[in-house]
Amino acid sequence: MTITQLQYVLAVAEHQNFTKAAEKSFVTQPTLSMQIQKLEDELDILIFDRSKKPIQLTEIGQKIVNQARNIVNEADRIQDIVDQQKGFIGGEFKLGIIPTVTPTLLPMFLNNFIKKYTKVNLKIEELTTETIIEKLLDGHLDAAIAATPLENELIKKRVLYYEPFVGYINESHPLYKKKSLTIEDIDIDDMLLLDDGHCFKNSVINLCRVSNPVEKNGFQLESGSFETLIKLANEGLGMTLLPYLHTLDLKNNEEKFLRQFEDPKPAREISLIFHRSELKMQIIEVLQSTIAGIIKGAIAFQNVQIVSPLSNSK
């Protein structure tokens, strides 16, 4: 049994196709198939059910894949130890970011990071929190930037900043006359929300007073972007909540619609998260320090109350 054989098994398990797995592993399909067959013969079991399309793991195959992932990760750790000892910061690093953070945070730190750490090949994916957790646990991401806490003992976090919620309220709305908001002011039935899959929506639901859902103004809407919610609020079709950093990009004539919450301000915790057995800790360290150094000048709220991104139903 070799590490290479286990890597081939993991590739087929991921892609459910021998040809595609071979392409991703940079070997010919016959070579990959022969090595997996050799491993199956040695263990006297079938790892894959080749009669199914796409190819499926057998019951014992799933257990082997789980263990193979641990073995390959531990083998990679040897190179990681060497890199850390030499002070080398480089190589491929796969980073996930939730959609409600990407447009504000990414432009703030990306250019600075890639210029300073030229040997790091940063691969960034915009993903929902649920997908991020799956990919971290499967080893398909090295780290991610997401709202926390996540209540998953396999995932570690390093808090980057706390970002308050800010009310966005048109002058036709009853709350517009208030200089500041309290949590008691917020009613979920009067809220324009992001659609399912956004942890920001779940945080808002956890924050709001929840009553029986009703249609107001003859419609219900959940959007995938804050820009749409802002435009609808401008038309007097409801209020919305925005993450603080997003308010920094508003037009001058829209700033009058912002309403801060009274202390302690409800806020979301944004963290750099990674699997507890993560490799490449030297890259995580410099990524954290780069973001923390830049964000310090843009956001400095201390008296906040963290609202979990997990919905009440979980």
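Residues numbered from 1 in each chain as written. Predicted model: local features only at pLDDT ≥ 70, side-chain atom pairs only at ≥ 80, totals over all residues. Heavy atoms only, no water.

Q: Got a minute to help me understand a nonpolar patch on the surface in this structure?
A: Together, V159, Y162 and I306 give the surface a local cluster of nonpolar side chains, amounting to about 200 Å² of exposed area. One can find V159 in strand β6 (residues 155-168). (Patch = residues over 30% accessible without salt bridge, like charges linked within 9 Å, V, L, I, M, F, W, Y side chains within 5 Å. Areas by Shrake-Rupley, 256 points an atom, 1.4 Å probe, with all protein chains shown as cover. Salt bridge = Lys/Arg side-chain N within 4 Å of Asp/Glu carboxyl O. Helix = DSSP H or I, 4+ residues; strand = E, 2+ residues; numbered from the N terminus.)

Q: So what exactly am I meant to see when it comes to helix α2 (residues 18-25) here?
A: In an α-helix, one turn spans 3.6 residues, which is why side chains three or four residues apart end up on the same side. If you check which residues of α2 are buried, you get F18, A21 and A22. End-on view of α2: buried residues confined to an arc of 100 degrees, all on one side of the axis. Facing away from the buried side of α2 by more than 90 degrees, the exposed set consists of E23 and K24. Sitting at the amino-terminal end of α2 is N17, which places a side-chain oxygen 2.9 Å from the backbone nitrogen of T19. Phi for F26, located one or two positions after α2, is positive at around 60 degrees. (Buried < 20%, exposed > 50% of the residue type's maximum accessible area, 1.4 Å probe, protein only. Arc of directions from axis to C-beta. Polar contact = N/O pair within 3.5 Å; in protein donor to acceptor, adjacent residues only side chain to side chain.)

Q: Can you help me understand empty space enclosed by the protein in this one?
A: Rolled over the atoms, a probe sized like a water molecule indicates the empty space that remains. Throughout the structure, instances matching the rule amount to two cavities of 30 Å³ or more. By volume, the largest cavity is sized at about 40 Å³. Lining the largest cavity we find M191, L192, L193, L194, F200, K201, V204, F226, L229, T240 and L241. Contributions of two or more residues to the lining of the largest cavity are made by β7 (193-194), α7 (199-207), α8 (226-234) and β9 (240-243). (1 Å grid on protein atoms, 1.4 Å probe; cavity = no way out; pocket = protein on both sides within 12 Å on 5 of 7 lines; lining within 4 Å. Points joined across faces, edges and corners; volume = space filled by probe spheres on them.)

Q: Whenever I open this one, the environment of A68 confuses me. Can you help?
A: As for its placement among the helices and strands, A68 is situated in helix α4 (residues 59-86). According to the relative accessible area criterion, A68 is buried, its value standing at 1%. In the structure, A68 is positioned 65 residues away from I3 in sequence and 8.5 Å away in space, judged by C-alpha atoms. Contacts of A68, omitting those with residues within four sequence positions, involve L6 and L10. (Contact = heavy atoms within 4.5 Å.)

Q: I'm lost on the side chain of E163 in this one. Help?
A: Relative to the assigned elements, E163 resides in strand β6. Of the polar contacts made by the side chain of E163, one reaches the backbone nitrogen of L245; its length is 2.7 Å.

Q: Can you help me understand the pairing of β6 in this one?
A: Regular strands place their side chains on alternate faces of the sheet. When β6 meets strand β11 (residues 265-275), the two strands line up antiparallel, connected through nine bridges. Bridging from a neighbouring strand, I155 pairs with H275 of β11. Looking at chain direction, β6 and β9 are connected through four bridges and run antiparallel. Bridge pairing in β9 places V166 opposite L242. Sheet topology note: the β6/strand β10 (residues 258-259) ladder contains two bridges and is antiparallel. Residue pairing in the sheet places G167 in a bridge with R259 of β10. (Pairing = 2+ DSSP bridges.)

Q: Would you mind going over the side chain of T290 with me for this structure?
A: Within the fold, T290 resides in helix α10 (residues 281-295). Judged by relative accessible area, which is 9%, T290 ranks as buried. Polar side-chain contacts of T290 include one of 2.7 Å to the backbone oxygen of V286. Those residues within four positions of T290 in sequence are excluded, and the remaining contacts are F109, N112, F113 and Y117.

Q: Is there a simple way to think about the confidence of the model for the protein chain in this case?
A: The share of residues in the protein chain with pLDDT of 70 or more is 91%, and the mean pLDDT across the chain is 85. The lowest-confidence element of the protein chain is strand β8 (residues 222-223), averaging 54 in pLDDT; the highest-confidence one is helix α3 (residues 29-43), averaging 95. In the model, residues 210-216 has pLDDT below 50 throughout and makes twelve contacts with residues more than four positions away in sequence or in other chains. (pLDDT = per-residue confidence, 0-100.)

Q: Could you clarify how one ought to interpret unusual backbone geometry in this entry?
A: Residue P54 is reached from K53 by a cis peptide bond, and omega for that bond is -5 degrees. Relative to the assigned elements, P54 resides in the loop between β1 (48-49) and β2 (56-57). T148 connects to P149 through a cis peptide bond whose omega is 5 degrees. Take P149: it is sitting in the loop between β5 (143-148) and β6.

Q: Would you mind showing me how to read the pattern of salt bridges here?
A: Pairs can form between side chains of opposite charge once their charged atoms are near each other. One pass over the full model with this rule turns up nine salt bridges. Measuring nitrogen to oxygen at the nearest pair gives 3.3 Å for the salt bridge that ties D142 to K280. Residue D142 is found in the loop between α6 (129-138) and β5, and its partner K280 is found in the loop between β11 and α10; the two are separated by 138 residues along the sequence. According to the relative accessible area criterion, K280 is partly exposed, its value standing at 23%. As a salt-bridge pair, E163 and R268 come within 3.0 Å of each other at their nearest N and O atoms. In this pair, E163 sits in strand β6 while R268 sits in strand β11, placing the two residues 105 residues apart along the sequence. Taking relative accessible area as the criterion, E163 reaches 1% and is therefore assigned buried.

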